[in-house]
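Reading the structure
Below, each chain spelled out in residue letters.
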Amino acid sequence: MRIRIEFLVVGLAAGIAIPTAAQAPMTTRDSARHVLNRLAYGATTDEVDQVIHEGVLKWVDRQLGFADVHDPALTTGEARFDVLHESNDDMQALLQKTQARNAQVQSIGDSVERQQAMDQLRAEQRGDRRSLAVLDNQLAALVVVRAVASDHQLDEILCDFWTNHFNVFINKGQDRAYFADYLEHTIRARALGRFEDLLLATARSPAMLFYLDQSESVADASATRMAPGGRRIAINGRPGFGRGRPLFPDPRPGVYPPPSGTGAAATATRQQVAPRAPRGLNENYARELMELHTLGVDGGYTQQDVINVARILTGWGIDRRDASFTFRAAAHDEDAKTVMGQPFDAGHGEDEGVRLLKMLATSPATMHHVSAQLCARFVNDVPPDGCIDDAVQAWKKSGGEIRDVVRAIIRSPDFWASANVQSKVKTPLEFVASAVRAVGGVPDSTPRLAQRVAQLGEPLFQHQTPDGYGERQEDWVNSGALLARMNFAVQLASGRVAGVAVDLDRVVSATDDHAALVTAVDHAILGGAMTAQTRQTILKELADVPDPRAARALAVGLAIGGPEFQRQ
């Protein structure tokens with residue numbers, strides 16, 4: 001079988017580059033496919049008909065009405081993932097065990113013996129179902145399984161959105177142990193709740209506190225605090241902000257986190273920088289809290305506001321004994337501060353941090369910034385003003401209930417505007433999940449399918465900088481990525497992708513009538529959206545494929561790898 005991949009990718013790229021806005025009014029079938037593309041990970045076999053039968057808006061209301069993200073139908077499948085049964089203490093113990101073994105190996109003097117020992121250790125970790133590496137890999141596999149199989153599709157979309165919005169790099173030191181709890185109990189538990197609650201939960205999560213160095217931030221050495229009885233005492237031995245040599249000279253996205261990994265070089269680097277670790281005020285979390293999590297880069301704050309937010313949050317840290325949030329009064333800057341014109345009187349300890357986060361969560365700038373990001377996710381890479389306005393109004397009226405904000409976006413005319421239908425390119429996760437759903441695939445509990453998502457450019461939880469993965473077309477479209485998607489699609493339809501079982505008999509019947517086959521594939525996979533160019537290309541490739549089953553697999557693969565399927 002000969003496939004002119006390069007030619008196909010050139011055609012695919014052309015289709016991606018030019019949005020194909022629907023011109024005719026949307027039919028009920030169009031609407032059903034649109035909500036399944038935007039509010040779910042694509043349509044499964046016959047799901048468009050099911051949504052039409054239920055009613056498109058009733059389906060939307062049902063998705064918005066689930067009490068929580070957990071789908072009872074997945075309980076049996078999720079039980080296969082050991083990581084869901086591990087406590088914080090268990091994960092901490094595994095991390096300590098891993099670090100001790102790594103240190104033992106690194107202490108071997110002979111470089112050849114050291115490398116052999118390291119290879120053996122990695123092999124042991126891969127083969128141990130309870131090793132930290134295996135458990136963390138299960139989290140990525142779990143995301144893919146849930147995206148493919150959950151009936152709570154909108155919940156899963158929002159979990160992905162908030163995980164990206166409050167991004168934490170899983171491989172940064174202690175976060176290898178903290179991340180499972182962060183994903184399951186901080187993000188997923190609040191994906192459709194109130195934004196203020198989600199913001200507070202992320203601020204208190206050990207994963208975020210460690211990732212953005214908040215747990216290391218203490219009051220400026222020049223600051224003083226009130227001791228019992230009203231005596232002011234200095235916090236000794238900590239270089240103040242701007243005086244201590246920073247671990248990361250420019251705490252901006254792309255510059256940190258610090259070196260991770262288990263290699264000799266990474267360990268040596270960590271040992272080298274440890275004495276220089278920041279011991280005073282650390283602005284990393286304060287800056288990203290304002291720029292990324294709440295107000296946005298144009299949110300009207302100043303550098304002094306960032307410093308004062310960092311001062312307010314001094315003392316917010318991690319109790320390493322049980323990997324929980326703790327407030328250390330001795331590390332807190334007790335003096336008065338002002339943030340964006342709002343005074344924070346002296347002596348309020350942890351409470352002033354809570355008040356600050358509530359203030360940020362309800363700020364008009366936050367409403368606009370986060371609403372714009374939600375509109376970019378659900379409507380258009382360039383969020384329409386009308387969509388943002390509708391979302392902000394719902395935010396004000398509901399007090400920041402995410403469910404109500406998302407409902408307003410879906411009810412916005414912009415969500416249904418023809419110019420915004422099929423206007424967004426799928427991320428690698430969206431592409432893989434929707435492809436598997438389209439062919440009725442059943443993923444297993446191994447990380448192999450998640451590894452394919454990573455190979456397409458989106459290793460889950462491994463975006464190192466706080467800004468998370470991009471949402472725009474240009475973040476994902478290039479010739480190499482499109483070629484990889486085409487290869488994945490052809491392999492998937494042929495049953496050659498490890499980690500997923502595919503049964504094309506459930507999708508379309510095999511036939512030696514190529515024209516009828518392509519028409520059936522167009523209906524089943526693309527909902528009739530196949531262009532004449534794509535149809536002609538697929539028929540040309542089928543010309544020398546006499547076997548009906550092989551022709552069916554190729555036609556399905558080319559349709560999934562083609563331009564129409566890349567858009568949602």
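Preceding this paragraph is the structure being described.
The following refers to the structure shown.

Considering the overall build of the protein chain
When its secondary structure is counted, the protein chain shows 27 helices and eight strands. Relative to its 568 residues, the protein chain shows a buried fraction of 54%.

So, the environment of leucine 57
Within the secondary structure layout, leucine 57 lies in helix α4 (residues 56-65). The class for leucine 57 is exposed, based on a relative accessible area of 55%.

Re the pattern of salt bridges
Within the structure shown, the criterion is met by 28 salt bridges. We note a salt bridge from arginine 188 to glutamate 184, for which the minimum N-O separation is 3.9 Å. The class of arginine 188 is buried, set by a relative accessible area of 7%. Between arginine 311 and aspartate 333 there is a salt bridge, with the nearest N and O atoms lying 2.6 Å from each other. Of this pair, arginine 311 sits in helix α15 (residues 303-312) while aspartate 333 sits in the loop between β4 (324-327) and β5 (337-339), placing them 22 residues apart in sequence. An identical accessibility class is assigned to arginine 311 and aspartate 333; each is buried. Three or more residues are tied together by salt bridges with common partners; here these are Asp160, Arg377, Asp381, Lys424, Glu430 and Glu471.

Notes on the packing of helix α21 (residues 428-438) against helix α23 (residues 479-493)
Geometrically, a packed helix pair is captured by the angle between its two axes and the distance between the axes. For the pair α21 and α23, interaxial distance at closest approach is 11 Å and the crossing angle is 20°. Taken together, the axes of α21 and α23 are roughly parallel relative to one another. Of the two elements, α21 crosses α23, and the hand of that crossing is right-handed. Where α21 approaches α23, its residues Pro428, Phe431, Val432, Ala435 and Val436 are matched on the opposing element by Arg485, Phe488, Ala489 and Leu492. Looking at side-chain class alone, the contact of α21 with α23 contains eight nonpolar, no polar and one charged residues.

Notes on the state of the cysteines
Applying the stated rule across the entire model yields one disulfide. Here cysteine 375 pairs with cysteine 387 through a disulfide, and the sulfurs are 2.2 Å apart. The chirality of the disulfide connecting cysteine 375 with cysteine 387 is left-handed, given an S-S dihedral of about -90°. In this pair, cysteine 375 is assigned in helix α17 (residues 364-378) and cysteine 387 in helix α18 (residues 385-398), connecting sequence segments 12 residues apart. Grouping residues by exposure puts cysteine 375 and cysteine 387 together as buried.

Things to note about empty space enclosed by the protein
All told, the structure shown has five cavities of 30 Å³ or more when counted by the stated rule. Of the volumes computed, that of the largest cavity is approximately 210 Å³. Surrounding the largest cavity, 18 residues form its lining, Val143, Asp160, Thr163, Leu460 and Phe461 being those nearest its centre. Sorting the residues of the lining of the largest cavity by element identifies α8 (132-149) and α9 (153-165) as the ones contributing at least two each. Among the elements that make up the lining of the largest cavity, the one with the highest residue count is α9 (five residues).

Observations concerning helix α26 (residues 548-561)
Helical geometry: 3.6 residues make up each α-helical turn, so side chains three or four residues apart lie on a common side. Here α26 is 14 residues long and its end C-alpha atoms lie 20 Å apart, about the 20 Å a rise of 1.5 Å per residue gives. Within α26, 11 of the 14 residues are buried, which leaves it mostly tucked inside the rest of the structure. Of the residues making up α26, those classed as buried are Ala551, Arg552, Ala553, Leu554, Ala555, Val556, Gly557, Leu558, Ala559, Ile560 and Gly561. At the N-terminal boundary of α26, the capping side chain belongs to aspartate 547, with an oxygen 3.3 Å from the backbone nitrogen of arginine 549.

Topic: unusual backbone geometry
Positioned with a positive phi, aspartate 213 is a non-glycine residue whose angle comes to about 65°. Its relative accessible area of 9% is what places aspartate 213 among the buried residues.

Some details on the pairing of β4
Here strand β3 (residues 316-319) runs beside β4; their pairing, made up of four bridges, is antiparallel. Among the inter-strand pairings, glycine 317 is bridged to a residue of β4, identified as threonine 326.

Digging into the nonpolar core
Ranked by size, the top nonpolar core spans 144 residues in total, and within it Trp162, Phe378 and Ile525 carry the most contacts. Sort the elements by how many residues they give to this core and α8 lands first, with 11 residues. Here phenylalanine 378 is in contact with Arg38, Leu39, Leu154, Ile157, Leu158, Val406, Ile409 and Phe415, once residues within four sequence places are set aside.

As for the side chain of threonine 427
Relative to the elements of secondary structure, threonine 427 occurs in the loop between α20 (413-416) and α21. Overall, threonine 427 belongs to the buried group, its relative accessible area being 6%. Among residues more than four places away in sequence, those in contact with threonine 427 are Glu458, Trp476 and Arg485.

Thresholds applied
Residues numbered from 1 in each chain as written. Predicted model: local features only at pLDDT ≥ 70, side-chain atom pairs only at ≥ 80, totals over all residues. Heavy atoms only, no water. Helix = DSSP H or I, 4+ residues; strand = E, 2+ residues; numbered from the N terminus. Buried < 20%, exposed > 50% of the residue type's maximum accessible area, 1.4 Å probe, protein only. Salt bridge = Lys/Arg side-chain N within 4 Å of Asp/Glu carboxyl O. Axes fitted to C-alpha atoms, helices over the stretch in contact; angles between N-to-C directions. Parallel < 35°, antiparallel > 145°, perpendicular 65-115°, else oblique. Left-handed = near helix turned anticlockwise from the far one by under 90°. Contact = heavy atoms within 4.5 Å. Nonpolar A, V, L, I, M, F, W, Y, C, P; charged D, E, K, R; others polar. Disulfide = S-S within 2.5 Å. 1 Å grid on protein atoms, 1.4 Å probe; cavity = no way out; pocket = protein on both sides within 12 Å on 5 of 7 lines; lining within 4 Å. Points joined across faces, edges and corners; volume = space filled by probe spheres on them. Expected span 1.5 Å × (residues − 1). Polar contact = N/O pair within 3.5 Å; in protein donor to acceptor, adjacent residues only side chain to side chain. Pairing = 2+ DSSP bridges. Core = buried A, V, L, I, M, F, W, Y, C linked by side-chain atoms within 4.5 Å.

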